[in-house]
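Results of the structural survey
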Amino acid sequence: MNLAIWTTIVINGLCTGSLFGLVSAAFSFQFGALRMMNFSYGAFVMVGMYIMYAGVNHLGLHAMAVVPILIVLYFFIGYLLRATLLKSADPNVQIIITSGVALVLESVVLFIVGALPRSLLAGIPPTWKIPFPEGILVISKLNLLTFAVSSAVLIGFSMFLKRTWLGMTIRAVVQQKEAASVVGVDAERIINVGFGISFVITAIASIMISLQFVLEPTAGHYYQLIGFLVCVIAGMGNLKGGFYAGLLVGLISTMANIFAATWHDAILFILFVIILTFLPNGVFVSSKSISRAV
Amino acid sequence: MKRGFLRSRLCLLFALTLLASVCIPLVSAKIASAADDVIRIGVIGPLTGAYAFGGNEVKNAIELAVEKRGTILGKKIEFEAADATDASQAISEFERLYAKGYRVFMGSYGSFADFAVQGVVDEYGAVMMSAAGWADEFTANKIKNYFHWTPRVAVFGMRMGEYMPQYAEKYLGIKKENLRVALIWNSNYEYVAIAARNGLKAAGITPVFEEGYPLDRKDFTALVANLQSNKIDVLVPCQGSADGVPFRKKMVEMGYEPPMLFAMGLIYDQPDFGALGAEVVDGCLVLSYTHPFIKRDNAPGLEDFAESYKAKHGWYPLTHATQTYSATLFMFDMIEKAGAYDADKIQEAIENADIPKGRYPSYWGVKFDDYHRNVGAGDPLAVGQWQKGTLVTVGTDEIKVGEPIIPWDPSKL
Amino acid sequence: MQNWITPKNIVVCILITPVLLIPFFYKGGAALLPMHLVIMVASYIALAQTWNILSGLTGMFSLGHATFYALGGYSLAVAMVKLGLNPFVGLAAGIVLSAFFGLLLGAISSRLTGFFFTISTIALAQVIRTVAMQWTPVTNSITGLKIFRPIVSRMVFFYVAIGLAVAVSIFFAYLRRSRMGSMFVAIRENIHLARSLGVDVVRYKTISSIIAAMLASVVGSFITYYIQVVDPNYLSPLISEKIIMVTIIGGMGYAWGPIWGSVLILLEEFIRGTLGARYAPLATALYGVILIVFMLFRPNGIVSINLKRSFGMAIAALTPAKNIEAAARPEGK
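Residues numbered from 1 in each chain as written. Chains lettered and ligands numbered in written order. Predicted model: local features only at pLDDT ≥ 70, side-chain atom pairs only at ≥ 80, totals over all residues. Heavy atoms only, no water.

**Side note on the overall build of chain B**
To keep it simple, the criterion reads: Here a strand is any run of E in DSSP of at least two residues, a helix any run of H or I of at least four, and the numbering for each starts at the N terminus. In this description the radius of gyration comes from C-alpha coordinates, and the expected globular size is given by 2.2 Å times residues to the power 0.38. For every residue, the accessible area obtained with a 1.4 Å probe (protein chains only) is divided by the maximum for its type, and the residue is called buried under 20%, exposed over 50%, and partly exposed between those limits. In what follows, residue pairs with any heavy atoms lying within 4.5 Å of each other are defined as contacts. All accessible-area figures derive from a Shrake-Rupley calculation using a 1.4 Å probe, and residue coverage is judged against the displayed protein chains alone.
A count of helical and extended segments in chain B gives 13 helices and 15 strands. The globule rule puts the C-alpha radius of gyration for 413 residues at 22 Å, and the 24 Å found for chain B is close to it. Counting every position in chain B, which comprises 413 residues, the buried fraction comes to 64%. Sequence separation of 24 or more characterises 67% of the internal contacts of chain B that already satisfy a separation of 6 or more. Surface accessibility of chain B: about 14,000 Å² in total, with carbon and sulfur atoms responsible for 51%.

Shown next as structure tokens:
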């Protein structure tokens, strides 16, 4: 394989990885910062994809019109979810409740939609073909869009947390809940808002996924596992690290695809167990983790 | 306090046991005699879950056959489709239908339900015929009451080895000794790839490139790049919709088109694939069971079936539906020949059946060997090519309606 | 053991007797379906009890328990189909294999606790699932393995299943009251305190995993022999989730928990039988809803429901407040 093909592969791997990073960012925030074990994360990604599909194919709306609806809807879903179901702090209880929510979501979607896989977009995805030494570099525009959106969202979210009043309040509540209450912050509501925002990121992730991949009711499992994997590698709550870890996982995934295709899943998970065992704080340990002080 | 607590627990216990002993008989029906005024046909398979699409195709086909036929031996036909998403559900559904008097079952899509039911038909005395599954294991052991209509995957692979080199030689001018073949599959379909490999080997061809990958792989850049650099003449994919669709899109995106793409059925002859649009699908060749796009003149009832199905469901029936429809009509004929709704007599009638080609919508003949495999099946298989977004049958000569364009060139349409 | 002969347990035995006589209640083939249902419920009880040992008693919350169940099934099938051996050899092989993975899980648990342990159980399940799907010469990938066995009367399976459920439940109750059981509970309640009191935490966690794994494997082998099919469906997350749902709704950590919970399995069959196949996913959704409701209001499960208190509270909630006030005021005012 020549240089052009290798470069194409690497670039595409990075773009897929950026998607992984986006997917796990919300999960990482929920777990690391908000201390919520959310096992229904993948299910919500899947539901978001189906909402896009329903909006575009059944209501006839333009994709860009569905996007804001989805984002606002997900904010409220996230807020309500935390406010009603996830009040308990016991992690096992959270795991069980969110597993129940995931089960309900999947079953209901299966009942309504049926298991037939569907695609949101038909036709050839648009690409850029750039001449390169030894061949042509083929870069999918959708992939680049994914990379751009993921980076923008993650940078935007970091900025939000650092610079805006609401972001700083969220961080305050995460770090010192009682102290924040003492100075007059309604801790519960702020955490609810934080959860809602993490769901907005989930919505964006599901939009990007629906543009490129096939929709199935069981699609959520894969993204749930990716969320776990990337979070653990990055270290919980570490957003910037999460992005890099996502890229790393994307690259490892691509390399595994080239050299040891059938064992791809096993490789990722054995890697995962090894990292969990020996580097439980993650590979990209950063002093800028959100759950630590500024 | 303690006694009250105990008493309330006892009450709850009693209530729950009562609930259990009420639910159990409610769920099971009273045993119905098989000698009723009704002919009962049942199918047990996935109507929900991962295989729901195939399972529903099978159910729709049988439903249509029942509608068309109406009565056998003067008795009305009653049909029930039971949902089973795993083997133990299949057994419970079988029990339920058996208790209602069902003695004739058609097989469904995905192997687990058929395997489970196959294991009990001899014990209970019910006849079963599979038309949508192709695993070799179905007929690996002799089962008295079980019959298999469609060709095994091994036979499918043999046909790939027979037909594909003919096209390569005729249209690409490459003899099979020099043919560079790539075989790719997802982990679920490894057994299909094995059958393809064996079929190619029987024709004297060894693939120069092979790759199996996990089903949930999302990014195919590396694979397409690998194929590109290996200068392949023929690509043989064994792919389902979750991977086949993104793979094909990636091929088109990267501008990779091998001289010939010859698929082992699966996604490549389904409407999901066609829905991707002519730009993406045109040119792909696919080996399939007989389906509504073969020449309809020689297959009685095929036109009627295809159009009725489309009118009712909105798309043309696929191979599984076509095969199941034909197998069901055959089953009706056998019940007629047996003269009674009696499992043993029906089994005998099927065993002695010897029907030439061209009698059923699937076109194939029917004759079962010692292992109850239909030796008339798979003779011939259909070769289709997507042209202008629709599937055109281009082989074999008995059933074709058009000519292939290989290598693909839209200007030659 | 003497304190097991309580009035409650005697009443239970009396009430269970009709279930034991099911094969004789129905004429002809009509008993087959009820027997099948009881077999499935009983095997769920047994399987859930094994999870109860691992997660309810020792607190090692595992979301991949179906792995051991499937290992038992596959070992039996591979031994019988691919190696042509006696089914008992397969059973033994399954037990050994599961014990090994139980040991592995114990080793993992020495480094990881809580949430991370749970994720590693999911990871282990995923690895085993990949092996089952990819190692085609042995496991036959997606198609699975089909066993051919002599025709055995369903009654035999019926009584064996009930026997298994009873045996594993009694074992659980015994374990809970034993010294080892109290070590497990100590680990569950406060692992640091236990360690500081000299409990060899790693050793007991490993023992717990191994026991749970071996018993689950036995259940898996039994079911596979009964149904005659094993395939990657046995490894699906849905089975693991059903096991934990059944135990949690019934009451995690109590011997009666899985028994109460498994009655829910009948609910699913009931829905399927009456409403038809299309509504089957709704049964699963219903499970999820019941699970959520229980976790919010009765996290200790059905065993913790005190009917008298619940009724009392319901009545109090429905009675308008002023009546109570009026009733509490002294007479005459």
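**A closer look at the packing of aromatic side chains**
Put simply, the test is: The criterion for an aromatic pair is that two Phe, Tyr or Trp rings (for Trp, the six-membered ring) have centres within 6.5 Å, with stacked assigned to planes under 30 degrees apart, edge-to-face to planes over 60 apart and tilted to the rest. Two limits define a charge over a ring: the Lys NZ or Arg CZ must be within 6 Å of the ring centre, and within 35 degrees of the ring normal.
Evaluated as defined, the whole model comprises 48 aromatic pairs over all chains. Each ring, one from Trp134(B) and one from Tyr289(B), has its centre 6.1 Å from the other, and the planes form 85°; the classification is edge-to-face. Of this pair, Trp134(B) sits in the loop between β5 (127-130) and β6 (146-148) while Tyr289(B) sits in the loop between β11 (285-288) and α11 (302-313), and the two are 155 residues apart along the sequence. Of the two residues, Trp134(B) and Tyr289(B), both sit in the buried class. Look at Phe157(C) and Phe222(C): their rings are 5.9 Å apart centre to centre, the planes differ by 55°, and that puts the pair in the tilted class. Here Phe157(C) is found in helix α8 (residues 154-177), whereas its partner Phe222(C) is found in helix α11 (residues 201-227), with 65 residues between them in sequence. Since its relative accessible area comes to 5%, Phe157(C) is described here as buried. You can call Phe222(C) buried: its relative accessible area is 11%. These aromatic residues form a ring-pair network of at least three members: Trp134(B), Phe156(B), Tyr191(B), Tyr289(B) and Trp364(B). In this arrangement the basic side chain of Lys142(B) is found over the ring face of Tyr371(B), its NZ or CZ atom lying 5.3 Å from the centre. Between the NZ or CZ atom of Arg203(C) and the centre of the ring of Tyr204(C), over which it lies, the distance is 5.5 Å.

**Remarks on the interface of chain A and chain C**
So the rule is basically this: When a carboxyl oxygen of Asp or Glu is within 4 Å of a side-chain nitrogen of Lys or Arg, the pair counts as a salt bridge. As used in this structure description, the phrase polar contact means that two N or O atoms lie within 3.5 Å; if the pair is within protein, one of them must be able to donate a hydrogen and the other to accept it, and residues adjacent in sequence are counted only when both atoms belong to side chains. Under the convention adopted here, Pro, Cys and the residues Ala, Val, Leu, Ile, Met, Phe, Trp and Tyr are nonpolar, Asp, Glu, Lys and Arg are charged, and Gly plus all remaining residues are polar.
Counting residues at the interface gives 35 residues for chain A, matched by 35 residues for chain C. Summed over the shared surface of chain A and chain C, the number is zero salt bridges. One can count zero residue pairs in polar contact (both at pLDDT 80 or more) joining chain A with chain C. The set of elements that each furnish at least two residues to the side of chain A that touches chain C consists of α1 (3-33), α4 (91-113), α9 (219-234) and α11 (264-278) of chain A. Ranked by the residues each element gives to the side of chain A that touches chain C, the list is headed by α4(A), at 13 residues. Grouping the amino acids of the side of chain A that touches chain C by side-chain chemistry returns 27 nonpolar, seven polar and one charged.

**Some thoughts on the pairing of strand β10 (residues 260-263) of chain B**
All names here are of chain B. Our working definition: Should DSSP find at least two bridges between two strands, the strands are regarded as paired. By definition, the crossover connecting two strands over a helix is right-handed if that path, from the first strand to the second, turns clockwise as seen with the strands pointing away from the viewer.
Here β10 shows a buried face lined by Met-260 and Phe-262 and a second buried face lined by Leu-261 and Ala-263. In this sheet, β10 lies alongside strand β9 (residues 234-238) in parallel orientation, the contact comprising two bridges. The residue bridging Val-234 from the neighbouring strand is Met-260, located in β10. A crossover connection joins β9 to the parallel β10 through helix α8 (residues 241-253); in handedness this β-α-β unit is right-handed.

**Regarding a nonpolar patch on the surface**
Where we set the bar: Patch definition: residues with relative accessible area over 30% and no salt bridge; like charges joined within 9 Å; nonpolar side chains (Val, Leu, Ile, Met, Phe, Trp, Tyr) joined within 5 Å.
A grouping of Leu286(C), Val289(C), Val293(C), Leu296(C) and Phe297(C) is seen on the molecular surface, where their side chains present a nonpolar patch of about 410 Å² in accessible area. Mapped onto the fold, Val293(C) is located in helix α14 (residues 280-297).

**So, the sheet that holds strand β2 (residues 71-72) of chain B**
Residues and elements named next belong to chain B. Here is the rule we go by: Only the contacting stretch of a helix is used when fitting its axis, a line to C-alpha atoms as for every element, and angles between N-to-C directions run 0 to 180 degrees.
Here we have six strands laid out as an open sheet, ordered β2-β3-β1-β4-β5-β6, and mixed in their pairing. Two strands close off the open sheet at either side, each with one partner strand: β2 and β6. Across three bridges, the pairing between β5 and β6 is parallel. Bridging from a neighbouring strand, Met-128 pairs with Tyr-146 of β6. Strands in contact with helix α12 (residues 319-338) are β1 (38-45), β2, β3 (75-83), β4 (104-106) and β5; relative to β4, the strand with the most contacts, it is inclined by about 165°.

**Side note on the environment of Gly312(C)**
Examined against the element boundaries, Gly312(C) turns out to sit in helix α15 (residues 307-318). Measuring from C-alpha to C-alpha, the distance between Gly312(C) and Leu76(C) comes to 52 Å, with 236 residues separating the pair along the chain.

**A few points about the nonpolar core**
Here is a general trend for soluble globular proteins: nonpolar side chains tend to be buried in one another's company. The test is simple: Buried Ala, Val, Leu, Ile, Met, Phe, Trp, Tyr and Cys residues form a nonpolar core when they are joined through side-chain atoms within 4.5 Å.
Phe228(A), Phe272(A), Ile44(B), Phe94(B) and Phe115(C) are the most contacted members of the largest nonpolar core, which has 198 residues in total. Contact partners of Phe272(A), with chain neighbours within four places excluded, come to Phe228(A), Leu229(A), Val232(A), Ile119(C) and Ala123(C). Of all hydrophobic cores here, the second largest spans 88 residues; its members include Ile39(B), Leu47(B), Val58(B) and Met106(B).

**Considerations on the domain arrangement of chain B**
Residue and element names in this part refer to chain B. For the record, the criterion: The split into domains, and so the bounds of each, comes from an automatic or database assignment of domains. Two parts placed together each lose some accessible area under a 1.4 Å probe, and the buried area is that loss summed for both.
What the domain assignment reports for chain B is domain 1 (38-151 + 301-367) and domain 2 (154-288 + 381-412). Between domain 1 and domain 2, the C-alpha centre-to-centre distance is 30 Å. Contacts between domain 1 and domain 2 engage 13 residues on the former and 16 residues on the latter. Of the roughly 1,100 Å² buried at the junction of domain 1 and domain 2 (both faces included), carbon and sulfur atoms supply 65%. When the buried area of domain 1 at its contact with domain 2 is split by residue, Trp-134, Pro-151 and Leu-318 rank highest and sum to 46% of it. Linking domain 1 with domain 2 are one salt bridge, by the criterion used here. Ionic pairing is found between Lys-357 and Glu-398, a salt bridge with its closest N-O pair at 3.0 Å. One can count three residue pairs in polar contact (both at pLDDT 80 or more) joining domain 1 with domain 2.

**What about the packing of helix α5 (residues 87-111) of chain C against helix α6 (residues 114-134) of chain C?**
All names here are of chain C. Filter applied, for reference: Take the far helix as the reference: if the near one is turned anticlockwise from it by less than a right angle, the crossing is left-handed, and if turned clockwise, right-handed.
Running from N to C, α5 and α6 cross one another at 145°; their axes reach a closest spacing of 10 Å. Here the hand of the crossing between α5 and α6 comes out right-handed. Residues Phe-101, Leu-104, Leu-105, Ile-108 and Ser-109 of α5 form the contact with α6, whose participating residues are Phe-117, Ser-120, Thr-121, Leu-124 and Ile-128.

**So, the environment of Gly265(B)**
Residue and element names in this part refer to chain B. Relative to the helices and strands, Gly-265 resides in the loop between β10 and α9 (271-274). Once the C-alpha coordinates of Gly-265 and Thr-319 are considered, the two residues, 54 residues apart in sequence, prove to be 9.3 Å apart. Contacts of Gly-265, omitting those with residues within four sequence positions, involve Phe-156, Val-286 and Leu-287.

**Considering the pattern of salt bridges**
All names here are of chain B. All chains considered together, the criterion is met by 25 salt bridges over all chains. Among the ionic pairs, Asp-344 bridges to Lys-144, the shortest N-O distance being 3.3 Å. Placement of Asp-344 in helix α13 (residues 343-351) and of Lys-144 in the loop between β5 and β6 is noted, with a sequence separation of 200 residues between them. Judged by relative accessible area, Asp-344 falls into the partly exposed class, the value being 47%.

**A short note on helix α12 (residues 237-250) of chain C**
An α-helical segment advances 3.6 residues per turn. Residues three or four places apart therefore align on the same side. Residues and elements named next belong to chain C. Selection criterion: Under the convention used throughout, the expected extent of a helix is 1.5 Å for every residue step, that is, one less than its residue count.
With 14 residues, α12 should reach 20 Å at 1.5 Å per residue; the first-to-last C-alpha distance of 20 Å fits that figure. Within α12, twelve of the 14 residues are buried, which leaves the element mostly enclosed by the surrounding structure. Taken residue by residue, α12 has Ile-239, Ser-240, Glu-241, Lys-242, Ile-243, Ile-244, Met-245, Val-246, Thr-247, Ile-248, Ile-249 and Gly-250 as its buried positions. Two residues or fewer past α12, Gly-251 is found with a positive phi of approximately 135°.

**Quick look at the sheet that holds strand β15 (residues 390-395) of chain B**
Residues and elements named next belong to chain B. One open sheet holds the seven strands; their spatial order is β8-β7-β9-β10-β11-β14-β15, and the pairing between them is mixed. In this open sheet, the two edge strands, each paired with only one partner strand, are β8 (209-213) and β15. Each strand of the sheet is rotated relative to its neighbour by a mean of 25°, with strand direction disregarded. Pairing analysis gives five bridges linking strand β14 (residues 382-387) to β15, with the strands arranged antiparallel. Across the sheet, the residue bridging to Gly-384 is Thr-393, located in β15. Seen against the sheet, helix α5 (residues 153-172) touches β7 (181-186), β9, β10, β11, β14 and β15 and runs at an angle of roughly 165° to β10.

**Quick notes on α1(A)**
To keep things clear, this is the line we draw: One axis fitted to the seven residues ending at a residue, another fitted to the seven starting there: the angle between these axes is the bend at that residue.
Between its first and last C-alpha atoms α1(A) spans 42 Å; for 31 residues at 1.5 Å apiece the expected length is 45 Å, and the two agree. Roughly 30° is the biggest bend found in α1(A), and it falls at Ser24(A).

**A few points about unusual backbone geometry**
Residue and element names in this part refer to chain B. Cis geometry marks the peptide bond from Gly-395 to Thr-396, where omega comes out at -10°. The residue Thr-396 is located in the segment after β15 in this model. A cis amide bond links Ile-406 to the next residue, Pro-407, at an omega of -10°. Mapped onto the elements of the fold, Pro-407 is located in the segment after β15. With phi around 55°, Leu-266 is a residue other than glycine that occupies positive phi space. Tracing the chain through its elements places Leu-266 in the loop between β10 and α9. Of note in this structure, His-372 is not a glycine but carries a positive phi near 60°.

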